[in-house]
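In case you want the letters, here they are:
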Amino acid sequence: MAVDLKFNASLTKSDPHFKPVLIIGQLKHLNLLKFSDVACKLEPRVTEDTFNKAVSCLHPSPTDKISLYLDVATVAAVPLKCSRHNTPSRAHAITRLVKNNVLNVSEESIVIVCEKADLFASACAVVRAFSLYSRKTTNNVSSPSYNRAVDQDVPMKNAGDNSVVSIEFVIIEKDGSVSETPLDASELCCLEVAAKGVQLAARIVDTPCNEMNVDHFVQEAEIIGNELNIKPLVIRGEELRERGFGGIYGVGKAAAVPPALVVLSHEPKGAQETIALVGKGIVYDTGGLSIKGKTAMPGMKRDCGGAAAILGAFYAAVKCGFKENLHAVFCMAENSVGPNATRPDDIHTLYSGRTVEINNTDAEGRLVLSDGVAYAHKDLKANIILDMATLTGAQGIATGKYHGAILTNSEEWEIKSLEAGRKSGDLLAPLVYCPELHFSEFASAVADMKNSVADRSNAQSSCAGLFVGANLGFDYPGIWMHVDMATPVHCGERATGYGVALLLALFGSHTNCKMLQSIACSDFEPPPKRICRD
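Everything numeric in this text was worked out from a predicted model, so none of it was measured.

## Points about the overall build of the chain
Item 1. Of the regular secondary structure elements, the chain holds 18 helices and 19 strands.
Item 2. Over its C-alpha trace the chain gives a radius of gyration of 24 Å, about what one expects of a compact globule, namely 24 Å for 534 residues.
Item 3. Along the three orthogonal principal directions, the C-alpha set of the chain runs to about 80 × 65 × 45 Å.
Item 4. Here the chain, with 534 residues, has 60% of them falling under the buried criterion.
Item 5. Excluding contacts between residues fewer than 6 apart, the proportion of contacts in the chain whose partners are at least 24 apart in sequence is 77%.
Item 6. Carbon and sulfur atoms form 49% of the exposed surface of the chain, whose accessible area is close to 22000 Å².
Item 7. Computed over 52 positive and 60 negative side-chain charges, the inter-centroid distance for the chain is 2 Å.

Below, the structure is given as structure tokens:
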């Protein structure tokens with residue numbers, strides 16, 4: 001079912017019998033509410049006494065919900081506890097509550113009760129619950145939420161019509177009072193473009209390769225470019241080989257649709273820095289001749305998750321008035337099997353000039369990214385380069401389903417990225433950055449390096465990132481960050497749009513958007529020095 005998301009500046013009046021409402025917040029914030037603060041969403045169906053008793057009966061473990069009126073007015077509490085590695089917004093709990101409690105009717109409301117610092121992450125969490133891609137031919141009339149709505153005579157969506165979900169906020173001030181100031185136009189615009197970016201990324205990742213091959217992805221980039229008045233640079237097929245992009249060309253040359261390097265560039269006047277975002281865009285990964293097994297291959301449509309996130313983030317960042325040079329570099333290919341497929345033992349020359357002995361054709365993402373970061377350095381002259389990729393299955397083992405992995409040559413930016421993860425809801429955890437110990441895993445007798453490690457039990461995700469960084473050189477004077485988001489790119493069978501909110505928070509200080517500036521990382525404070533004792 002198609003859903004239109006609408007952000008409102010303040011609470012709007014509605015009868016929950018005709019427009020169901022879901023109120024979500026931390027228990028401490030819900031206890032601060034007076035009934036008058038939310039009465040416009042509940043009256044005449046819910047009384048003050050019912051609301052107060054419902055809130056007092058909430059016991060989140062980890063979450064809890066209570067129906068206020070039938071199943072069309074509900075109050076829900078997110079987990080009480082939040083560790084230092086979680087987001088204070090409890091974004092993942094918000095997404096689950098929304099997914100499980102929306103009714104999929106023609107109109108409904110979601111009210112988030114939170115502090116201003118958690119507004120952005122909470123809004124993005126709600127957006128993640130609404131996927132755009134579907135090829136279902138009918139509504140899911142067997143779903144519990146659909147049947148509840150029918151039983152309670154709630155107006156249903158007509159076939160072909162979009163549902164409208166209004167997202168509204170009650171802001172709790174630091175002194176515990178409820179803010180009476182509505183969101184202004186710039187804040188609403190920020191939320192709307194961030195929502196579009198998250199949903200764009202999730203839609204691309206959810207779309208199968210027969211509908212999202214390299215041609216289709218290039219078209220997606222062109223559509224965004226047209227909206228931003230930016231003409232993309234596209235290098236395709238044999239031109240890649242001729243210009244030295246041996247990584248992208250070698251991975252994609254066996255596919256029916258040729259590989260591509262696509263670049264979108266935003267270069268405002270007065271820019272002082274040049275930032276390049278490089279995305280792995282493997283539209284499908286069979287593994288190549290090192291082919292995946294029948295249980296490992298399903299889901300590989302998601303291997304373009306890094307490029308999809310960067311496309312969504314680039315759109316939102318430019319719309320929010322990005323003040324520095326910003327380049328989005330998409331390394332697009334389908335890792336296929338065919339007569340022209342790269343073989344194990346082949347040697348490719350990458351755009352950096354380094355030669356690579358292929359010992360695993362299923363370690364293809366690092367090859368395309370290596371060309372992308374080298375192009376960002378050599379041609380775009382970027383002083384900050386961030387690459388994002390669904391790079392290794394080992395990422396999920398190292399940092400889990402909710403946290404992406406960050407590898408960087410800068411301690412300052414490692415700390416900034418972790419903070420951005422907490423403030424955006426796209427969580428990160430650091431990987432070991434130690435090339436002097438780990439890069440020897442790629443030693444080759446006949447080339448500069450192999451493309452897969454000798455020992456798969458030795459910091460595999462770190463090593464994979466170091467392969468990419470080696471094409472900049474470990475003496476690269478700028479900032480390099482590598483984000484591996486192989487597992488958080490999806491939750492179950494649906495894409496999450498992971499990475500869009502993270503990048504907006506990480507580089508928020510470079511925009512004209514006051515909301516992003518308010519959550520941008522604070523000045524770097526180095527950790528206290530460790531004292532060595534005899």
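## Re the layout of surface pockets
Item 1. There is about 610 Å³ of room inside the second largest pocket.
Item 2. Along the walls of the second largest pocket sit 29 residues, with Lys292, Met300, Leu391, Thr392 and Gly393 positioned nearest its centre.
Item 3. Where the lining of the second largest pocket is concerned, the elements lending two or more residues are β9 (274–285), α12 (365–378) and α13 (394–399).
Item 4. For the lining of the second largest pocket, a count of residues per class yields 9 nonpolar, 11 polar and 9 charged.

## Things to note about a nonpolar patch on the surface
Item 1. A contiguous nonpolar patch, built from Leu289, Ile291 and Val337 and spanning about 260 Å² of accessible area, is present on the exposed surface.
Item 2. Along the chain, the position of Ile291 falls in the loop between β9 and α11 (305–319).

## Quick look at the UniProt feature "domain: Cytosol aminopeptidase" (unreviewed entry) in the chain
Item 1. UniProt annotation of "domain: Cytosol aminopeptidase" (unreviewed entry) refers to residues 360–367 when read in the numbering used here.
Item 2. Span residues 360–367 is 38% helix and 0% strand, its end C-alpha atoms 11 Å apart.

## Side note on the pairing of β9
Item 1. Among the 12 residues in β9, 12 count as buried, and that is most of the element.
Item 2. Inspection of the sheet shows β9 paired to strand β10 (residues 325–335) by 11 bridges, in the parallel sense. Along β10, the bridge assignment pairs Val278 with Val329.
Item 3. For the crossover from β9 across α11 to β10, the handedness is right-handed.
Item 4. Bridge count for β9 against strand β13 (residues 384–389) is 5 bridges, and the pairing is parallel. Counterpart to Val278 in the pairing with β13 is Asp387.

## Some words on the sheet that holds strand β1 (residues 3–7)
Item 1. Ordered by their spatial adjacency, 6 strands build an open sheet running β1-β6-β5-β2-β4-β3, and the pairing between neighbours is mixed. Edge positions in the sheet fall to β1 and β3 (64–69), since each of these pairs with one other strand and no more. Each strand of the sheet is rotated relative to its neighbour by a mean of 20°, with strand direction disregarded.
Item 2. Summarising the sheet, β3 and strand β4 (residues 73–77) pair through 5 bridges and their orientation is antiparallel. Looking across to β4, one finds that Ser67 is bridged to Thr74.
Item 3. Where helix α4 (residues 91–101) meets the sheet, it contacts β2 (21–25), β3, β4 and β5 (107–115), and its direction lies at approximately 160° from that of β2.

## Re unusual backbone geometry
Item 1. In this structure, the amide linkage connecting Glu43 to the following residue, Pro44, adopts the cis form with an omega of 5°.
Item 2. Examined against the element boundaries, Pro44 turns out to sit in the loop between α2 (35–42) and α3 (48–56).
Item 3. With omega at -5°, the peptide bond leading from Ser61 into Pro62 counts as cis.
Item 4. Along the chain, the position of Pro62 falls in the loop between α3 and β3.
Item 5. One non-glycine residue with positive phi stands out, namely Asn104, at about 60°.
Item 6. Here Asn104 lies in the loop between α4 and β5.
Item 7. The phi angle at Asn229 is positive, at roughly 60°, despite the residue not being glycine.
Item 8. Mapped onto the elements of the fold, Asn229 is located in the loop between α8 (214–227) and β7 (233–236).

## Quick notes on the domain arrangement of the chain
Item 1. Considered domain by domain, the chain is made up of domain 1 (3–137 + 162–183) and domain 2 (204–519).
Item 2. With centres defined by C-alpha atoms, the gap from domain 1 to domain 2 works out at 35 Å.
Item 3. Listed per partner, the contact involves 18 residues of domain 1 and 19 residues of domain 2.
Item 4. Contact with domain 2 buries area across many residues of domain 1, yet Phe120, Arg128 and Tyr133 alone supply 43% of it, more than any other trio.

## Looking at the nonpolar core
Item 1. Residues Val98, Phe120, Phe130, Phe169, Phe330 and Phe507 are the most contacted members of the largest nonpolar core, which totals 107 residues.
Item 2. Broken down by element, this core gets its largest block of residues, 12 residues, from helix α7 (residues 185–206).
Item 3. Split by domain, this core shows at least three residues from each of two domains, domain 1 (3–137 + 162–183) and domain 2 (204–519).
Item 4. For Phe130, the residues in contact, after removing those within four places along its chain, are Val3, Leu5, Val98, Val102, Ile110, Val165 and Gln199.
Item 5. Grouped together as the second largest cluster of nonpolar side chains are 46 residues, Phe245, Ile248, Ile282 and Ala470 included.

## A look at α12
Item 1. Its 14 residues give α12 an end-to-end C-alpha distance of 20 Å, which sits within 8% of 20 Å, the value for a rise of 1.5 Å per residue.
Item 2. Burial analysis of α12 places 12 of its 14 residues in the buried class, which makes it a mostly covered element.

## Quick notes on the packing of aromatic side chains
Item 1. Per the stated rule, a full pass over the model turns up 10 aromatic pairs.
Item 2. Ring centres of Phe442 and Phe467 lie 5.4 Å apart, and the angle between their planes is 65°; this geometry places the pair in the edge-to-face category. With a gap of 25 residues between them, Phe442 in the loop between α15 (435–438) and β16 (449–450) and Phe467 in helix α16 (residues 460–470) connect regions that are remote in the sequence. For the pair shown, Phe442 and Phe467 are each scored as buried.
Item 3. Here Lys378 stacks its cationic end above the ring of Tyr351, 4.4 Å away from the centre of that ring.

Analysis parameters
- Residues numbered from 1 in each chain as written.
- Predicted model: local features only at pLDDT ≥ 70, side-chain atom pairs only at ≥ 80, totals over all residues.
- Heavy atoms only, no water.
- Helix = DSSP H or I, 4+ residues; strand = E, 2+ residues; numbered from the N terminus.
- Rg over C-alpha atoms; globule rule 2.2 N^0.38 Å.
- Buried < 20%, exposed > 50% of the residue type's maximum accessible area, 1.4 Å probe, protein only.
- Contact = heavy atoms within 4.5 Å.
- Areas by Shrake-Rupley, 256 points an atom, 1.4 Å probe, with all protein chains shown as cover.
- Lys, Arg positive; Asp, Glu negative; His and termini not counted.
- Charge placed at Lys NZ, Arg CZ, Asp CG, Glu CD.
- 1 Å grid on protein atoms, 1.4 Å probe; cavity = no way out; pocket = protein on both sides within 12 Å on 5 of 7 lines; lining within 4 Å.
- Points joined across faces, edges and corners; volume = space filled by probe spheres on them.
- Nonpolar A, V, L, I, M, F, W, Y, C, P; charged D, E, K, R; others polar.
- Patch = residues over 30% accessible without salt bridge, like charges linked within 9 Å, V, L, I, M, F, W, Y side chains within 5 Å.
- Salt bridge = Lys/Arg side-chain N within 4 Å of Asp/Glu carboxyl O.
- UniProt positions renumbered as here; feature names shortened; annotations may be inferred.
- Pairing = 2+ DSSP bridges.
- Right-handed = clockwise from strand over helix to strand, strands pointing away.
- Axes fitted to C-alpha atoms, helices over the stretch in contact; angles between N-to-C directions.
- Domains from an automatic or database assignment.
- Buried area = accessible area lost by both parts, 1.4 Å probe.
- Core = buried A, V, L, I, M, F, W, Y, C linked by side-chain atoms within 4.5 Å.
- Expected span 1.5 Å × (residues − 1).
- Phe/Tyr/Trp six-rings, centres within 6.5 Å; stacked < 30°, edge-to-face > 60°.
- Lys NZ or Arg CZ within 6 Å of the ring centre and 35° of its normal.

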